[in-house]
Amino acid sequence: MTNTKSISKGRRWTARIMSGIVLLFMLMDSIMKFIQPPVVVETTVALGFAEDQIYILGILGLLSTLLYALPKTSILGAVLLTGYWGGVIATHLRLDNPLFSHLLFPVYLAILAWGGLWLVNEQLRALFPIKKM
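Described in the following lines is the structure provided in the data block. (Residues numbered from 1 in each chain as written. Predicted model: local features only at pLDDT ≥ 70, side-chain atom pairs only at ≥ 80, totals over all residues. Heavy atoms only, no water.)

Moving on, we get to the overall build of the protein chain. Within the protein chain, the secondary structure is distributed over 7 helices and 0 strands. The N-to-C order of helical and strand elements in the protein chain reads α-α-α-α-α-α-α. Principal axes of the C-alpha set define a box for the protein chain whose edges measure 50 × 30 × 20 Å. Put simply, the protein chain has 133 residues, and 32% of those count as buried. A separation of at least 24 residues holds for 62% of the contacts in the protein chain among residues at least 6 apart in sequence. Carbon and sulfur atoms make up 72% of the accessible area of the protein chain, which amounts to about 8600 Å² in all. A distance of 26 Å separates the average location of the 11 positive side-chain charges in the protein chain from that of its 6 negative side-chain charges. (Helix = DSSP H or I, 4+ residues; strand = E, 2+ residues; numbered from the N terminus. Buried < 20%, exposed > 50% of the residue type's maximum accessible area, 1.4 Å probe, protein only. Contact = heavy atoms within 4.5 Å. Areas by Shrake-Rupley, 256 points an atom, 1.4 Å probe, with all protein chains shown as cover. Lys, Arg positive; Asp, Glu negative; His and termini not counted. Charge placed at Lys NZ, Arg CZ, Asp CG, Glu CD.)

It is worth spelling out the pattern of salt bridges at this point. If charged atoms from side chains of opposite charge come close, those side chains can pair. As enumerated under the stated definition, the model contains 2 salt bridges in all. The salt bridge involving R125 is made with E122; its shortest N-O contact spans 4.0 Å. Highlighted residues: R125 and E122, both in helix α7 (residues 122–127), separated by 3 residues, approximately one helical turn. Its relative accessible area of 38% is what places E122 among the partly exposed residues. (Salt bridge = Lys/Arg side-chain N within 4 Å of Asp/Glu carboxyl O.)

The next point concerns the environment of F34. With respect to the helices and strands, the residue F34 is situated in helix α1 (residues 9–35). For F34 and I89, which are 55 residues apart along the polypeptide, the C-alpha to C-alpha distance reads 22 Å. Those residues in contact with F34 that lie beyond four places of it in its chain are Y55, G58, I59 and L62.

Let us look at helix α2 (residues 38–46). V40, V41 and T44 are the residues of α2 that are buried. An end-on view of α2 places all buried positions within 100° of arc, on one side of the element. Of the exposed residues in α2, the ones pointing more than 90 degrees away from its buried face are P38, V39, E42 and A46. Those residues of α2 that are buried are in contact with α1 and α3 (54–69). Among the residues trailing α2, G48 stands out with phi positive, at a value near 105°. (Arc of directions from axis to C-beta.)

With that settled, the discussion passes to unusual backbone geometry. The phi dihedral of Q36 is positive, around 55°, even though this residue is not glycine. Along the chain, Q36 falls in the loop between α1 and α2. A positive phi angle, close to 60°, is found at D96, a residue other than glycine. If you trace the backbone, D96 turns up in the loop between α4 (74–94) and α5 (99–103).

This is a description of form; function is not addressed.
Structural data, given as structure tokens:
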């Protein structure tokens, strides 16, 4: 649960921006998997997936994203997205793709997703505290 009285306006907006970036990217990614323009089909097949699996990837990404977007299921959505992104990392690692642009991009998204939740969720901050040295 979010305790909005103790959250500063700046923290709340930072969280919204972080989560918004994740939502926009994942919505675009999922929608493109449904539309399936040639570049998406070619790229996904080059990653080792069959063409008929693209739609399934879109459904999985979209469902996880929608769960993340809803406040009551945002933690579950973040867990599912983290698993989805783990698969992305494994796929790019298997193909020996570049580190910062391909392998770590899902990590960047995960940091934004979990960071956005951490900023506004007191229970999550208690579970993963940042200790000052």
